[in-house]
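# Summary of the model geometry
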Amino acid sequence: MIGVELRKLLGRPRTWVSIGLLCLLPVVVAVFLAVTGIAPRPGQGPTLLSAVLGNGALFPAAALGIVLPFFLPIAVAVQAGESVAGEAQSGTLRYLLVRPVGRTRLLVAKLVSVLAYTLLAVLSVAATGYLAGISLLGNSGQVTTTTLSGTTLTPADLAWRTGVMVLYIGWSMVGVASVALFLSTLTDSPLAAALGGLAVLVSSTVLVTLDAAGAVRDYLPTRYWLAWVDLFRDPVPWGDVTAGVLVQTGYVVVLLGAAWANFSTRDVTS
Amino acid sequence: MTAREHDPARRPAPTTGGGADGDAVVVTRGLTKRYGRVTAVDDLDLRVAAGDRYGFLGPNGSGKTTTVRMLLGLVHATSGEIEVLGRRVPRHAKDVLPEVGALVEGPGAYPHLSARANLRLLDAAGPARGGDPLAPDTGSRRTRRSRIEAALEQVGLTDVGRRPVRAYSLGMRQRLGLAAALLRGPRLLVLDEPTNGLDPRGIAEIRDLLLDLNRRGTAVFLSSHLLAEVELFCTRVGVLHRGRLVAQDDLDALRGPTGRTLVRVDDVDAATRVLGLPAARTTDDGLLVLDDLPVPEATAALVRGGVAVLEAAPERRTLEQSVLGLTS
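Here the structure is a predicted model, which is why all the values come from computation and not from measurement. Note that residues are indexed from 1 along each chain, following the sequence as it is written. Lettering of chains starts at A and numbering of ligands starts at 1, both following the order in which they are written. The model is predicted, so local features are restricted to residues of pLDDT at least 70 and side-chain atom pairs to those at 80 or more, both for listing and for counting; the totals for chains, interfaces and linings are taken over all residues. Excluded from the side-chain calculation are hydrogens and water; included are all heavy atoms of the structure.

### Observations regarding the UniProt feature "transmembrane region" (unreviewed entry) in chain A
Residue and element names in this part refer to chain A. Operational definition: UniProt positions are given in the numbering used here, feature names are shortened, and annotations may be inferred rather than shown by experiment. For helices the rule is a DSSP run of H or I covering at least 4 residues; for strands it is a run of E covering at least 2, with both sets numbered from the N terminus onward.
As recorded in UniProt, the feature "transmembrane region" (unreviewed entry) lies at residues 16-38, 58-78, 114-138, 158-183, 195-216 and 236-261. Annotated as 81% helix and 0% strand, the span residues 58-78 places its first and last C-alpha atoms 29 Å apart. As annotated, residues 158-183 comprises 100% helix and 0% strand, and the C-alpha atoms at either end are separated by 38 Å.

### Thoughts on the packing of helix α5 (residues 71-89) of chain A against helix α8 (residues 155-186) of chain A
All names here are of chain A. The test is simple: For helices, the axis comes from a line fit to the C-alpha atoms of the stretch in contact; other axes are also lines fit to C-alpha atoms, and the angle between any two N-to-C directions lies between 0 and 180 degrees. Two helices that cross are described as forming a left-handed crossing if the nearer one is turned anticlockwise from the farther one by less than a right angle, and a right-handed crossing if clockwise. The contact criterion used is simple: two residues touch if any of their non-hydrogen atoms lie within 4.5 Å. Residue type decides the class: Asp, Glu, Lys and Arg count as charged, Ala, Val, Leu, Ile, Met, Phe, Trp, Tyr, Cys and Pro as nonpolar, and the leftover types, Gly among them, as polar.
In contact at an axis separation of 7 Å, α5 and α8 are set at 35° when each is read in the N-to-C sense. Relative to α8, α5 is oriented so that their crossing is right-handed. Between α5 and α8, the residues in contact are Leu72, Pro73, Val76, Ala77, Ala80, Gly81, Glu82, Ser83, Val84 and Ala85 and Ile169, Met173, Val176, Ala177, Ala180, Leu181, Ser184 and Thr185, respectively. Among the residues forming the contact of α5 with α8, the class breakdown is 13 nonpolar, four polar and one charged.

### Side note on helix α1 (residues 2-11) of chain A
To keep things clear, this is the line we draw: With a 1.4 Å probe rolled over the protein chains alone, any residue whose accessible area is under 20% of its type maximum counts as buried; one over 50% counts as exposed, and the rest are partly exposed. Note: the arc covers the axis-to-C-beta directions of the helix.
Along α1 of chain A, the residues that are buried comprise Val4, Glu5, Lys8 and Leu9 of chain A. Down the axis of α1 of chain A, the buried set is contained in an arc of 135°. They therefore lie on one face. Buried residues along α1 of chain A sit against α2 (13-36), α5, α6 (93-97) and α7 (103-137) of chain A together with α4 (115-125) of chain B.

### Section: the domain arrangement of chain B
Accessible area lost upon the coming together of the parts serves often as the stated size of an interface. Residue and element names in this part refer to chain B. Here is the rule: Residue ranges for the domains trace back to a domain assignment, done automatically or taken from a database. Any Lys or Arg side-chain nitrogen located within 4 Å of an Asp or Glu carboxyl oxygen qualifies as a salt bridge. Think of a polar contact as two N or O atoms within 3.5 Å of one another; within protein, one of them needs to be a possible hydrogen donor and the other a possible acceptor, and neighboring residues in sequence only count if both atoms come from side chains.
Domain assignment breaks chain B into domain 1 (3-253) and domain 2 (257-327). Across the boundary between the two partners, domain 1 contributes twelve residues, which contact eight residues of domain 2. Across the contact surface, domain 1 and domain 2 share zero salt bridges. The interface formed by domain 1 and domain 2 contains one residue pair in polar contact (both at pLDDT 80 or more). At the level of secondary structure, the elements contributing two or more residues to the side of domain 1 that touches domain 2 comprise α8 (227-233), β10 (236-241), β11 (244-250) and α9 (251-254). Class assignment for the residues of the side of domain 1 that touches domain 2 results in nine nonpolar, one polar and two charged.

### Focus on the pairing of β10 of chain B
A regular strand places its side chains on the two faces of the sheet in alternate fashion. All names here are of chain B. The cut-off we apply is this: The pairing criterion for strands is at least two bridges between them, as found by DSSP.
The element β10 is largely enclosed, with a buried count of six among its six residues. A two-sided burial pattern is seen for β10, the buried positions comprising Arg236, Gly238 and Leu240 on one face and Val237, Val239 and His241 on the other. Here four bridges tie strand β4 (residues 53-57) to β10, and the two strands are oriented parallel to one another. Directly across from Tyr54, in β10, lies its bridge partner Arg236. Sheet analysis places β10 next to β11, joined by six bridges and oriented antiparallel. Note that in β11 the partner of Leu240 across the bridge is Leu245.

### A word on the confidence of the model for chain A
Formally: A score between 0 and 100, pLDDT records how confident the predictor is in each residue.
Here chain A averages 87 in pLDDT, and 91% of its residues register 70 or above. Within chain A, α6 of chain A carries the highest mean pLDDT (95), whereas strand β1 (residues 145-146) of chain A carries the lowest (67).

### Description of the packing of α1 of chain A against α4 of chain B
The condition that has to hold: Should an angle fall under 35 degrees it is called roughly parallel, over 145 degrees roughly antiparallel, and 65 to 115 degrees roughly perpendicular, with every other angle called oblique.
α4 of chain B packs onto α1 of chain A with a crossing angle of 150° between their chain directions and a minimal axis gap of 8 Å. With respect to α4 of chain B, the element α1 of chain A is oriented roughly antiparallel. Read as a crossing pair, α1 of chain A and α4 of chain B show a hand that is left-handed. For the pair α1 of chain A and α4 of chain B, the contacting residues are Val4, Arg7 and Lys8 of chain A in the first and Leu121, Ala124 and Ala125 of chain B in the second. Grouping the amino acids of the contact of α1 of chain A with α4 of chain B by side-chain chemistry returns four nonpolar, no polar and two charged.

### Quick notes on the environment of Trp160 of chain A
Residue and element names in this part refer to chain A. Examined against the element boundaries, Trp160 turns out to sit in helix α8. C-alpha of Trp160 to C-alpha of Leu231: the two residues are 71 residues apart in sequence and 9.6 Å apart in space. Excluding residues within four positions of it along the chain, Trp160 makes contact with Val236 and Trp238.

### Some points on the sheet that holds strand β9 (residues 219-224) of chain B
All names here are of chain B. One open sheet accounts for six strands, arranged β7-β8-β9-β4-β10-β11; its pairing is mixed. Single-partner strands in this sheet number two, and they are β7 (100-103) and β11. Between one strand axis and the next, the sheet turns through 15° on average, direction left out of account. Here helix α2 (residues 64-71) sits on the sheet in contact with β4, β8 (188-192), β9 and β10, set at roughly 150° to β9. Most of the contacts of helix α6 (residues 170-182) go to β7, to which it runs at about 165°, and overall it touches β7 and β8.

### Notes on the packing of aromatic side chains
What counts here: Ring geometry is summarised as follows: Phe, Tyr and Trp rings, the Trp one being its six-membered ring, pair when their centres sit within 6.5 Å, and such pairs are stacked at plane angles under 30 degrees, edge-to-face over 60 and tilted between the two.
Counted by the stated rule, this structure contains three aromatic pairs over all chains. Consider the rings of Trp160 of chain A and Trp238 of chain A, whose centres lie 6.4 Å apart with planes at 15°: the pair is stacked. With a gap of 78 residues between them, Trp160 of chain A in helix α8 and Trp238 of chain A in helix α11 (residues 238-265) connect regions that are remote in the sequence. Exposure remark for Trp160 of chain A: the relative accessible area of 36% places this residue in the partly exposed category. With a relative accessible area of 40%, Trp238 of chain A lands in the partly exposed category. Measuring from centroid to centroid gives 5.4 Å for Tyr54 of chain B and Phe221 of chain B, while their planes differ by 5°, and the two rings are stacked.

### Quick look at the nonpolar core
The condition that has to hold: Definition used in this section: a nonpolar core is a set of buried Ala, Val, Leu, Ile, Met, Phe, Trp, Tyr and Cys residues joined via side-chain atoms within 4.5 Å.
Counting 99 residues, the largest nonpolar core has Leu72, Val100, Leu188 and Phe221 of chain B as its most contacted members. When residues of this core are assigned to their parent elements, the largest contribution, seven residues, is made by α4 of chain B. Counting residues in each nonpolar core, the second largest holds 53 residues, with Ala30, Leu68, Ala227 and Phe232 of chain A among its members.

### Brief notes about the interface of chain B and chain A
Just so we agree on the cut-off: Once two parts are put together, the accessible area they lose, assessed with a 1.4 Å probe and summed over both, is termed the buried area.
With 30 residues of chain B in contact, the opposing surface of chain A contributes 27 residues. Interface of chain B and chain A: buried area, both sides summed, is about 2300 Å²; carbon and sulfur atoms make up 58% of it. Interface area lost by chain B to chain A is led by Leu74, Tyr110 and Ala125 of chain B, which between them contribute 25%. The interface formed by chain B and chain A holds two salt bridges in total. The salt bridge partner of Asp267 of chain A is Lys33 of chain B, with a shortest N-O separation of 2.6 Å. Linking chain B with chain A are 17 residue pairs in polar contact (both at pLDDT 80 or more). The set of elements that each furnish at least two residues to the side of chain B that touches chain A consists of β1 (24-35), β7 and α4 of chain B. Here the element with the most residues in the side of chain B that touches chain A is α4 of chain B; it accounts for five residues. Class assignment for the residues of the side of chain B that touches chain A results in 17 nonpolar, seven polar and six charged.

### Structural notes on the pairing of strand β12 (residues 257-265) of chain B
Residue and element names in this part refer to chain B. With six bridges connecting them, β12 and strand β15 (residues 309-316) associate as antiparallel partners. Across the sheet, the residue bridging to Val263 is Ala312, located in β15. Pairing geometry for β12 and strand β14 (residues 288-290), over three bridges, is antiparallel. Along β14, the bridge assignment pairs Thr261 with Leu290.

Right, dumping it as C-alpha cells:
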C-alpha cells in the first residue's frame, strides 16, 4: 500500500507543479539580488537574506527562509489535507477499504506519502537554492562562510548545518502535516482540511506575537519555526532548536494518534 | 484450495433459492443502524443463499445503501450481527472482502489516470489473499495484468486505451466500477444501483454479464430502486421500507396470482350483458375480470350467449403492485 501511495504521489502532475512553484520563488529572489546587488539590511526582510550577497552558499538556507512562512506550509497542508479527504471526495476511499486495505495501513501509507512529499519539497528548495546561489550570487572566491555571529565556517561545517536545517524544517512541516491529516480524517472535503490546517498556523502565528498570550506561547506550533537560524550562529545555541523539535513531536504524536483513533472507528459514508 | 478450484467458472452451479443456513452468503440478524435519533436501518434479518440473485428493493432513503455499507464493513452497526460468506463482519472483514466484489453508490476512480492504471493501483493496494494463508491468491501480482484485461473485456471497456477517466461518460465510469468489482473473481457481488447511467443496451449487456457470472456460481446482491431491473434479473427479493424489511421472498411468490381471472372476448359489451354486473368487470385494455365467478361456468355462459372466448388466464400481481402495496 505504501508503494501504491508513493506511485500516486509521484505520478500526479500536481506534485511536481507545486514543488516547481516552491522552487521558483527563491530563484526569483536570487535573480533580483544578483541583478541589483541590493540586500535587505540585517534584521529586515526575509531571514538570512542580508548575508547571502557575500556568499551564495548560504542561499539554500535563505531560500527555505523565504518559502517557510507561507508557501511551504500551504503546499504541505494541501497535500496532507488531500490525503484521506481527497480519496473520500473522488469516491475511491470506499473502494480502497473494501479491496480490502486495513484502515491503519491506509493511514500509515498516507502519512509516509506526505512525509515523502515534505522531504522532497524541502530538499528541492534547498537544492535549487544552492544552485541559484552559487550560479547567480557566486561564491566570491571565499572558501569559508561568515556566520551570523561573525566567525567563519568551513564548507564541511556549512554542509552539516544546512543538513540539520533541512531536517528541522522538515520536522516542522510534519507538524503542519499532522494537523491537516487529522482534519482530513474528519471531513470529506480536502479543501476544508487544508484550510483548517492553515487556520491553525495563522492563529498560532498571531498568538506568538501577542504578549498577552505569553503563557501558552512556548507551546504554539509555530513558536520555534525560525529557530533553525540559530544553526548559522557560532557556537550553535541549541536551546530553541531542541525545544522546537520537542513541541513539534508533541503535536505530531497527539494529532496522528487522534487521526488514527478517529479514522479506524468512523463510519465511511463518502 | 488452489486458485483453480476457486475459479467461479469451474465451480458447480449451486441451486437457486433458499437452503440450509450453511450455504448462505449473507445473513444479518437484528441489524440496526442509528444516526443520532434517526434509525436508518431497523432490525433487519436478511438471508441471501449461495447462487441467489437477490434484489434489495426500496425507495430512495429507505436504508439500502447504509445496509450495503454495513455488509462491507464501511459503516459500523449500532446493534445486530452480520455474516458474509460465513464469517462475521466487520471483525473478519479482511478475510471475507477479498472474495467480495462491490459497487457502492457509484464508481470511484482517479480522474487523471486511465482505466487500466486505476485498476492496477486498486489491485496493488490490497493483499494478494485473505487472512487465511490457504486462501486463494486472487489478488496476486503475477496475474494482475491478465485479470485486468479480463475484467475490462467482461464489461466492454477494452478499447478505451490511455484516455484518462476524466474523459469518460457516466456509463463508462459505471463499467469501470463493475470491472473493479470483478477483478478478483468474487464469490459474492454486492452491487448498489449498478446500471446507473447506462443506456438500455448497456443495461442489457450488464444484465447478461451478471446472469452469466451467476450461472457460474457467483451470488449477486443487487440493491436498486428500479423495480423493472429487479423483476428482470432477480430470483429473490427483499423489500426495505423506512429501514425495515417488509418482505423477503422468491420473486415468483411476490408476483403471485391474485385469485382473479382475466378473460379476453370478441365483444366486451355483449359479454358484460351476458354475465351481468358486478360479477364481471372490464380492465382498461378490454379484458374481462372475473372475481368470484368460476371460470368454466362463466365461459360456458359466454359461449351460450354467443360471445367468443379468445383467452382466459389467472391474473398475477406485478412486482410493482406488490411493492407499492407493502411500502405505502
